[in-house]
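Here is how the chains run, residue by residue.
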Amino acid sequence: MSVDAPTSLYLDPQIRDWVLFPITLVMILVGVLRHYVVVLLQSPPKKLSRAGVREQRALVRSQILRATSTKSPIPPAHYKALSQHLSDAFTTGAYLKDGPPSGDAAPSATNALTDPATMDGMMAGMKTQMVMMVPQMIIMGWINFFFQGFVLIKLPFPLTFGFKSMLQRGIEAPDMDVRWVSSLSWYFLNLFGLNGLYRLFLGGDNSADSSRDLTMSPFASAGTAQSGPPQDYAKLFKAERDNLELSEGQYVWVGEDIDLKVLRKYGKLPSRLD
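Every value quoted in this text rests on a predicted model; they were computed, and no experiment measured them.

Asks: Before we go on, may I ask you to explain a nonpolar patch on the surface in this structure?
Replies: On the surface, M130, V134 and I138 cluster together to form a nonpolar patch covering roughly 280 Å² of accessible area. Here I138 shows up in helix α4 (residues 116-146).

Asks: Which parts of the structure should I look at to understand the packing of helix α2 (residues 50-67) against helix α3 (residues 76-92)?
Replies: Any two packed helices are characterised by the angle at which their axes cross and by the distance between the axes. Packing of α2 against α3 brings their axes to within 11 Å, and their N-to-C directions diverge by 140°. With respect to each other, α2 and α3 are oriented oblique. Of the two possible hands of crossing, α2 and α3 adopt the one that is left-handed. When α2 is examined against α3, the residues A58, R61, S62 and L65 are found in contact with a partner set consisting of Y79, L82, S83, L86 and F90.

Asks: Could you clarify how one ought to interpret the nonpolar core in this entry?
Replies: Side chains of nonpolar character tend, in soluble globular proteins, to be buried together. Membership of the largest hydrophobic core comes to 21 residues, with the highest contact counts inside it found for I23, M27, L152 and Y187. Counting only elements with at least two residues in this core, the list comes to α1 (13-41), α4, α6 (183-193) and α7 (195-202). Residue contributions to this core peak at six residues, all from α1.

Asks: Is there a simple way to think about the packing of α1 against α6 in this case?
Replies: Contact pair α1 / α6: the axes reach a minimum separation of 10 Å and the direction vectors enclose 35°. Crossing hand, α1 versus α6: right-handed. On the side of α1, the interface is formed by L20, I23, T24 and M27, while α6 contributes W186, Y187, N190 and L191. Among the residues making up the contact of α1 with α6, the classes are represented as six nonpolar, two polar and no charged.

Asks: It is not clear to me how the environment of E240 should be interpreted in this structure. Could you clarify?
Replies: The residue E240 is located in helix α9 (residues 233-248) in this model. Between the alpha carbons of E240 and S62 there is a distance of 7.4 Å; along the sequence they are 178 residues apart. Among all residues touching E240, those that are not within four sequence positions of it are L59, S62, Q63, R66 and F90.

Asks: Mind showing me how you'd approach the pattern of salt bridges here?
Replies: Pairing of side chains with opposite charge becomes possible as their charged atoms draw close. Summed over the entire model, instances satisfying the criterion amount to five salt bridges. Note that D177 and R179 form a salt bridge whose closest N and O atoms lie 3.3 Å from each other. Among the ionic pairs, D242 bridges to R241, the shortest N-O distance being 3.7 Å. For D242, a relative accessible area of 35% gives the class partly exposed.

Asks: Help me out: how do you make sense of the packing of aromatic side chains in this one?
Replies: Remark: the centre distance and the inter-plane angle together describe each pair of aromatic rings, the angle taken between the planes. Summed over all chains, the structure comprises nine aromatic pairs. Between W142 and F147 the ring centres are 5.3 Å apart and the planes differ by 80°, which places this aromatic pair in the edge-to-face class. Judged by relative accessible area, W142 falls into the partly exposed class, the value being 25%. Relative to F150, the ring of F147 lies with its centre 5.8 Å away and its plane at 80°, an arrangement referred to as edge-to-face. Note on F147: relative accessible area 11%, which makes it buried. Given a relative accessible area of 29%, F150 falls into the partly exposed group. Ring-pair connections join several aromatic residues into one group, and the members of that group are W142, F145, F146, F147 and F150. Over the aromatic face of F188 sits the side chain of R169, whose NZ or CZ is 5.5 Å from the ring centroid.

The rules behind each value
Residues numbered from 1 in each chain as written. Predicted model: local features only at pLDDT ≥ 70, side-chain atom pairs only at ≥ 80, totals over all residues. Heavy atoms only, no water. Patch = residues over 30% accessible without salt bridge, like charges linked within 9 Å, V, L, I, M, F, W, Y side chains within 5 Å. Areas by Shrake-Rupley, 256 points an atom, 1.4 Å probe, with all protein chains shown as cover. Salt bridge = Lys/Arg side-chain N within 4 Å of Asp/Glu carboxyl O. Helix = DSSP H or I, 4+ residues; strand = E, 2+ residues; numbered from the N terminus. Axes fitted to C-alpha atoms, helices over the stretch in contact; angles between N-to-C directions. Parallel < 35°, antiparallel > 145°, perpendicular 65-115°, else oblique. Left-handed = near helix turned anticlockwise from the far one by under 90°. Contact = heavy atoms within 4.5 Å. Core = buried A, V, L, I, M, F, W, Y, C linked by side-chain atoms within 4.5 Å. Buried < 20%, exposed > 50% of the residue type's maximum accessible area, 1.4 Å probe, protein only. Nonpolar A, V, L, I, M, F, W, Y, C, P; charged D, E, K, R; others polar. Phe/Tyr/Trp six-rings, centres within 6.5 Å; stacked < 30°, edge-to-face > 60°. Lys NZ or Arg CZ within 6 Å of the ring centre and 35° of its normal.

Okay, here's the thing in C-alpha cells:
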C-alpha cells in the first residue's frame, strides 16, 4: 500500500493581509501600550522620614567605626568617646525611629500586612498584573471569535510530529503538515517571540514582556518595595553594641609613634632592630 504525499495547501493572500498581519500588529501595539501604562501606574518610591534615615545612618556609622578599628585614623581619645557615645545610644534606643522603648515593654515586631509600604507594594502589583493579563485575555477572545480555525502561515523548516499540538491549536486535521500554523498558535508564538523586539525598542527591563505573566504573583511588587521582612533595629542596635565593645580591644591608631617613624625614614634616628 503506497502512502501518498501530503497535499499542499494554498492560502488566500487576504488571510495574510487581514488576519496574519493584524494579529501581529495588534500584539506589538498592545505590548508597547501596556508598557507605558505600567510606567504611568508605578508610583515613585516614598522617601524615608528623617528619623528613619537617622536610624539607618547610625548603624552604618558604627559598622564603619568597627571595620577601621585595627588601623583607625581616629585618635584614641576621640575613638573611645565616639564608641562610648554610640554604645550608650544603642543601649537607650536614642536612634530608633519610633523613639526609645517605654519602660519594660518589649518592642513589637512589624506586621507586613499592616505596614503601609508593603500594602502599597501589593496594590501596585495587583494593578500591574491586571494591566498585563486583561489585554491578553481580550486578544485571545478576539482571535477565537473571529479567526477560529484559520491557517495562517507555513514555517519554512521541517519539524517533528511532536510540534503539531503546539502549532495547530484549534484545528482538528491529523493529516495536515506539521509546519502549518493556526491562528491561535500564532498568538502564542507572538506572545513569547516578541520579547526580543520589546527589549530592542523598550530596553531590557520593560513591562511588555509577556513571559513573566504566567509566573508573576499579584504581590510580587511587595517584595520589591522592601527586600525581605522589616528589620528590627532594636535587635540590630543591641548586637552592634556588643560588636563595638569587642572592637575596642582590637583598636590600633594608625598615627601611633608617627614622629619616630618619620625620623627613622629620613635617617634622623637609627633603625629599630626587631
